[in-house]
Amino acid sequence: MKIIDGKATSAAIKAEIAAEVAEMTGRGERAPFLAAILVGHDGGSETYMANKVKACEACGFGSSLIRFDEDVTEERLLAEIDRLNKDPEVDGFIVQLPLPRHIDEQKVIEAIDPRKDVDGFHPINVGRLSIGLPCFRSATPAGILELLDRYGIETKGKHAVVLGRSNIVGKPVAAMLMQKAQPGDCTVTVCHSSTKNLKEIAAGADILIAALGRPGFVTEDMVKPGAVIIDVGTTLVDDPTRKSGKRLSGDVDFDHVAEKCSYITPVPGGVGPMTIAMLMKNTLLARNGKIY
Ligand code: GUN
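Model, not experiment: these values are computed from the prediction.

Q: For this particular structure, what's the right way to read unusual backbone geometry?
A: The phi angle of most residues is negative, glycine excepted, and most peptide bonds adopt the trans form. With an omega of -5°, the peptide bond running from Gln 182 to Pro 183 counts as cis. Counting through the fold element by element, Pro 183 comes out in the loop between α7 (170-178) and β6 (187-191). Here the residue pair Val 267 and Pro 268 is connected by a cis peptide bond, since its omega of -5° sits within 30 degrees of zero. Mapped onto the secondary structure, Pro 268 falls in the loop between β11 (263-264) and α10 (271-288).

Below, the structure written as structure tokens:
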């Protein structure tokens, strides 16, 4: 069994991006610029944001963090999005999710100019992804494909089973894996809360992607010997042995599954760090006008 090291891969990607940015700025060109909007003070979102700002610094990008209080109106938020859409110095921006309940999340996503939607959440980018056109790809699934690619994992003709149908991970990773491409060219099954024989389907997977947000859900009996296991789960669970009293748990029972599979991503240090690396990659693509 081999551990897929997302932390090291993410660091390598950021170093590649930093080298390209150094070349750009050396030619007198402006560095890429990523803006981020954060509403409220959700602990998880604060951590994501701090990591994104750090990654921008590591890549040589300019960045700005725009904060709003929890009670900001939808109108004010939409006005800020309009301003960023029009700002020629901003190559891409994201609105950190989830948003407070009084704000219509879909309306906010659709207000973002698809050419600056480096999260790849706008229906234009999602639609383009599904028919194989150039687009900004959602960062977490793009990070999963990048890991499969960089570890030289053959995907053509393989049965990929995706557990979870979220708009951010399950649906886009299924779309990416079924594309006629390497990585890709898989036969894809998507399982969700209404799937009847989920365990049997998972046990038939050559590549199993767990994105349910249910700690330890994937047990040894649900894994085919030699399968590739990608764990997207990141749930904070109680752990009295830790100083903080908490630890991050994946969707896979790592200790038991690891012995049975060919490759596995750990939590933390697997898919998580790749998300930010791919966001940086999307921002570089936005700066270079490589998509639109
Ligand atoms: N919340 C959790 N993950 C993400 C992400 O990748 N992008 C945004 N905008 N919000 C998130």
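That covers the picture; the talk isn't over yet.
Q: Before we go on, may I ask you to explain the sheet that holds strand β2 (residues 33-39) in this structure?
A: Remark on secondary structure: sheet strands pair via backbone hydrogen bonds, oriented parallel or antiparallel. Spatially, the 3 strands line up as an open sheet ordered β3-β2-β4, and their pairing is parallel. The open sheet is flanked by β3 (62-68) and β4 (92-95), the only strands paired with a single partner. The average undirected angle you get between the axes of adjacent strands in this sheet is 15°. Examined bridge by bridge, β2 and β4 share 4 bridges and lie parallel to one another. Bridging across to β4, Ala 35 finds its partner in Phe 93. Contacting β2, β3 and β4, helix α2 (residues 43-59) crosses the sheet at an angle of about 165° to β2.

Q: Is there a simple way to explain the site of the ligand in this structure?
A: As a structural note, the neighbourhood of the ligand is formed by Tyr 48, Val 95, Gln 96, Leu 97, Asp 119 and Phe 121. Separating a nitrogen atom of the ligand from a side-chain N or O atom of Gln 96 is a distance of 3.2 Å. For the ligand, whose free accessible area comes to 280 Å², the fraction covered by protein is 86%. Per-class residue counts for the shell around the ligand are 4 nonpolar, 1 polar and 1 charged.

Q: Is there a simple way to think about the packing of helix α1 (residues 6-26) against α2 in this case?
A: The description of two helices packed together rests on the angle between their axes and the distance between the axes. Direction vectors running N to C along α1 and α2 enclose 50°, while the axes themselves pass 8 Å from each other. What the angle tells us is that α1 and α2 run oblique. Across the interface between the two elements, Lys 14, Ile 17, Ala 18 and Val 21 from α1 touch Ala 55, Ala 58 and Cys 59 from α2. For the contact of α1 with α2, a count of residues per class yields 6 nonpolar, no polar and 1 charged.

The rules behind each value
Residues numbered from 1 in each chain as written. Predicted model: local features only at pLDDT ≥ 70, side-chain atom pairs only at ≥ 80, totals over all residues. Heavy atoms only, no water. Helix = DSSP H or I, 4+ residues; strand = E, 2+ residues; numbered from the N terminus. Pairing = 2+ DSSP bridges. Axes fitted to C-alpha atoms, helices over the stretch in contact; angles between N-to-C directions. Contact = heavy atoms within 4.5 Å. Near = heavy atom within 4 Å. Polar contact = N/O pair within 3.5 Å; in protein donor to acceptor, adjacent residues only side chain to side chain. Areas by Shrake-Rupley, 256 points an atom, 1.4 Å probe, with all protein chains shown as cover. Nonpolar A, V, L, I, M, F, W, Y, C, P; charged D, E, K, R; others polar. Parallel < 35°, antiparallel > 145°, perpendicular 65-115°, else oblique.

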